[in-house]
Structures are given as structure tokens and as C-alpha cells.
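# Geometric and topological summary
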Amino acid sequence: VQISAYARWNDNPNFPSATGEDLKIVGFGRTEVNGPTSAILTEGKLDYLNDEVCKVRYDKYDPESSLCADSPSTGICLGDSGSPALARGGTLVVGLASYLIGGCASSYPDFFVRISSYRNWLKQMTCTQALDPPGWCNSQGGGQGNGQGNGSSGTDAGTGTGAADPLTNFFSLI
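Given the structure is predicted, the values throughout are model-derived calculations rather than measurements. (Residues numbered from 1 in each chain as written. Predicted model: local features only at pLDDT ≥ 70, side-chain atom pairs only at ≥ 80, totals over all residues. Heavy atoms only, no water.)

### Let's talk about the pairing of strand β7 (residues 110-114)
As a reminder, the rule being used: Burial classification: accessible surface area is computed with a 1.4 Å probe over protein chains only, and a residue below 20% of its type maximum counts as buried, one above 50% as exposed, and the rest as partly exposed. Secondary structure elements are taken from DSSP: a helix is a run of H or I of four residues or more, a strand is a run of E of two residues or more, and numbering for both begins at the N terminus. For two strands to pair, DSSP has to find at least two bridges joining them.
Counting buried positions along β7 yields four of five residues, so the element is predominantly enclosed. Bridge count for strand β4 (residues 66-70) against β7 is four bridges, and the pairing is antiparallel. Of the residues in β7, the one forming a bridge with Leu67 is Phe112. Sheet topology note: the strand β6 (residues 92-99)/β7 ladder contains four bridges and is antiparallel. Note on β7: the bridge partner recorded for Ala97 is Phe112.

Listed below in C-alpha cells is the structure:
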């Protein structure tokens, strides 16, 4: 697997929304239930499941912070935690692999942290915890970009386009 384009962070809490929407997953996790982790980046395709379907499949599902996806032939496994779930042909990060119920290849869907729910936290941590914070930490919109990560750019929230957002091309798989 070689991915050479930048992927944007999704900031639209209503996307994805349609069950069956294609999600690409990539990671270094196990490729067999009891096998070793992969030495090379592998990819798979999952179908997004809307919140109602996820809630039926797992009653403790939290749509505010999670999303779920499923496939009869592939999925996340041990070693894939933190790996991205990408929409729109691999150009939009909508989730990060989070947890499994019943282990790899179980009858339950795979669960991902919903990126749009943590966008402000991601910005704050990048600006306050990085040893060498990116320059955009000091120039966030609205006059609040003081390098301490307590401001928000106020641009394009909820659009999913990332047009003026400093995290637009922050996540890159090369």
C-alpha cells in the first residue's frame, strides 16, 4: 500500500451518514486472528454503518464519540489501534481505530473514534504539547491564536472541507 496524498481531518459531525458508504482502513495490525502484526502497511475496505444500525448491533455504542463499520471479509485487528478510517477515496480521515467487541473478525462491527468530535482537542494538543508546535498555532483566526491551543480557528466548522483550517493537511500517509 502506498498513499502519497494528504488526507484532511473530518470536522462535519453529520458525515458519514449513509450505511454502506465505503471506508478505507490502513494499518500494521494482525492480518489473521492469531497471527503476527504486519510488517507492511495493509489496507481494507469497510462499509460505514449509520448510528441506528450501530446501536442495534451494539447497545453501548455512543454516536457522539464513535462510528462503526463492518465487512464480512476484512476489519481492524490487534495492532491497528489509532489507524485511520478514510472516506472519499482516502482523502478524508473520519475515524481512528479504537476497539473491537469479541476480538478480530467477530460478528460485531469495528469501532472508531469519530474525528469530528475531537477536532478542537486535537488542535489544542498539537499547539500545547508538541516540542516544536507548527506555526499556525500562533496564527489561529479570531484573535485567539496565542500558541497555547485555547483558541479555535472559527473557520469552516462543520463543512468537512477544511478550506482555511490549519489541520487541513495535518494528517499525511506517505
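### Points about the pattern of salt bridges
Condition: We define a salt bridge as a contact between a side-chain nitrogen of Lys or Arg and a carboxyl oxygen of Asp or Glu at a distance within 4 Å.
Evaluated as defined, the whole model comprises five salt bridges. One salt bridge connects Asp22 with Lys45, and the closest N-O pair in it is separated by 3.3 Å. With a gap of 23 residues between them, Asp22 in strand β2 (residues 22-27) and Lys45 in strand β3 (residues 42-49) connect regions that are remote in the sequence. In this structure, Lys45 and Asp47 form a salt bridge, with 2.9 Å as the shortest nitrogen-oxygen distance. When salt bridges with common partners are traced through the structure, they connect Asp22, Lys45 and Asp47 into a single cluster.

### So, the state of the cysteines
We count it as follows: Sulfur atoms of two cysteines make up a disulfide when they are within 2.5 Å.
Scanning the model with the defined rule gives three disulfides in all. Across a sulfur-sulfur distance of 1.9 Å, Cys77 and Cys104 are joined as a disulfide pair. Note on the Cys77 and Cys104 pair: the S-S dihedral is about 90°, so by sign convention the disulfide is right-handed. With a gap of 27 residues between them, Cys77 in the loop between β4 and β5 (84-87) and Cys104 in the loop between β6 and β7 connect regions that are remote in the sequence. By the burial criterion, Cys77 is buried, and Cys104 matches it.

### A few points about the confidence of the model for the protein
Applicable threshold: You can read pLDDT as the predictor saying how much it trusts each residue, on a scale of 0 to 100. Contacts are assigned to residue pairs that have any heavy atoms within 4.5 Å of one another.
When pLDDT is averaged across the protein, the result is 80; 76% of the residues are at 70 or more. Contacts for the low-pLDDT stretch residues 141-174, under 50 throughout, to residues beyond four places or in other chains number 79 contacts.

### Structural notes on the nonpolar core
The nonpolar side chains of a soluble globular protein tend to be buried, and buried together. Here is the rule we go by: Only buried Ala, Val, Leu, Ile, Met, Phe, Trp, Tyr and Cys residues count toward a nonpolar core, and they belong to the same one when joined by side-chain atoms within 4.5 Å.
Within the largest apolar cluster, 21 residues are counted, with the highest numbers of intra-cluster contacts made by Leu23, Tyr61, Leu67, Val94 and Phe112. The set of elements that each furnish at least two residues to this core consists of β2, β3, β4, β5, β6 and β7. The contacts of Leu23, once residues within four sequence positions are left out, are Gly44, Lys45, Leu46, Tyr48, Leu67, Ala69, Leu86, Ala87 and Val94.

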